[in-house]
Amino acid sequence: MVSLYSMLIEIADNKTIEDLQQKFSDCFSLLKLEFYRHPHHWYENSDEKEALPPHIMLDHIRKNHAHGFLEFFSHTKTGAFESELREKYGLHVQVLRKKYGVWQQTTGTDQLSLGEQQKIASLQTML
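Residues numbered from 1 in each chain as written. Predicted model: local features only at pLDDT ≥ 70, side-chain atom pairs only at ≥ 80, totals over all residues. Heavy atoms only, no water.

Caption draft 1: Fine view of the overall build of the protein chain. Tallying secondary structure elements over the protein chain gives three helices and five strands in all. Traced from its N-terminal end to its C-terminal end, the protein chain shows the element sequence β-α-β-β-α-β-β-α. For 127 residues, the compact-globule estimate of 2.2 N^0.38 gives 14 Å, and the protein chain sits close to it at 14 Å. Taking as baseline every contact in the protein chain between residues at least 6 positions apart, the subset at least 24 positions apart corresponds to 70%. Counting every atom, the protein chain has about 6,900 Å² of accessible surface; 53% of that belongs to carbon and sulfur. (Helix = DSSP H or I, 4+ residues; strand = E, 2+ residues; numbered from the N terminus. Rg over C-alpha atoms; globule rule 2.2 N^0.38 Å. Contact = heavy atoms within 4.5 Å. Areas by Shrake-Rupley, 256 points an atom, 1.4 Å probe, with all protein chains shown as cover.)

Right, here's the structure in full:
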């Protein structure tokens, strides 16, 4: 059974990519957020050459400079989480899951919740 909890991330121009990545990883230790120059669609990989470094400030990568708080839950679908960051805040992200010690994009499993992604990752680290 996947535990039910929520997380709140502040989205503001004075934050760095790393700030958001750390906050996300505090909640999902076996998942990771990567940020990209361009968006991807559901079930589509992001191009690794488009990945942005963690030290970049959000105001340098967003056209939509809305300040706000993104609340998400362990039952939030991975694809919906990525879409909300893109639509509300102009951030192009991909959730990655640790699989046998290697970070892999969760492409193909966008319909799974973040909690389910975490659970799958925990099972794969035990093998």
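Don't stop here, the text continues.
Caption draft 2: Here's a closer look at the pairing of strand E2 (residues 31-36). Summarising burial for E2: five of the six residues are buried, a large majority. Two elements, E2 and strand E4 (residues 92-99), share six bridges in a ladder whose sense is antiparallel. Across the sheet, the residue bridging to Leu31 is Arg97, located in E4. (Buried < 20%, exposed > 50% of the residue type's maximum accessible area, 1.4 Å probe, protein only. Pairing = 2+ DSSP bridges.)

Caption draft 3: Seen up close, the sheet that holds strand E5 (residues 102-105). Strand order across the open sheet formed by three strands is E2-E4-E5, with antiparallel pairing between neighbours. Of all strands in the sheet, those bounded by a partner on one side alone are E2 and E5. For this sheet, the mean inter-axis angle between neighbouring strands, taken without regard to orientation, is 40 degrees. Strands E2 and E4 of the sheet are contacted by helix H1 (residues 17-27), whose axis makes an angle of about 160 degrees with E2. Of the strands in this sheet, E2 and E4 touch helix H2 (residues 78-89), which is tilted by about 150 degrees from E4. (Axes fitted to C-alpha atoms, helices over the stretch in contact; angles between N-to-C directions.)

Caption draft 4: Region of interest: the nonpolar core. If you look at the biggest cluster of nonpolar residues, it comprises 23 residues, and the most contacted ones within it are Ile11, Phe24, Phe72, Phe81 and Leu91. Broken down by secondary-structure element, the contributors of at least two residues to this core are strand E1 (6-11), H1, E2, strand E3 (68-73), H2 and E4. Residue contributions to this core peak at four residues, all from H1. With residues near it in sequence (within four places) discarded, Leu91 still touches Ile11, Leu20, Phe35, Leu58, Ile61, Arg62, Leu85 and Arg86. (Core = buried A, V, L, I, M, F, W, Y, C linked by side-chain atoms within 4.5 Å.)

Caption draft 5: Summary view of H2. For H2, spanning twelve residues, the distance from its first C-alpha to its last is 16 Å, which sits close to the expected 16 Å at 1.5 Å a residue. Taken residue by residue, H2 has Thr78, Gly79, Phe81, Glu82, Ser83, Leu85 and Tyr89 as its buried positions. Immediately downstream of H2, the backbone of Gly90 shows phi near 70 degrees, a positive value. (Expected span 1.5 Å × (residues − 1).)

Caption draft 6: Structural context of H1. Among the residues making up H1, those that are buried are Ile17, Leu20, Gln21, Phe24 and Cys27. The arc enclosing the buried residues of H1, seen along the axis, measures out at 125 degrees, which places them on a common side. (Arc of directions from axis to C-beta.)

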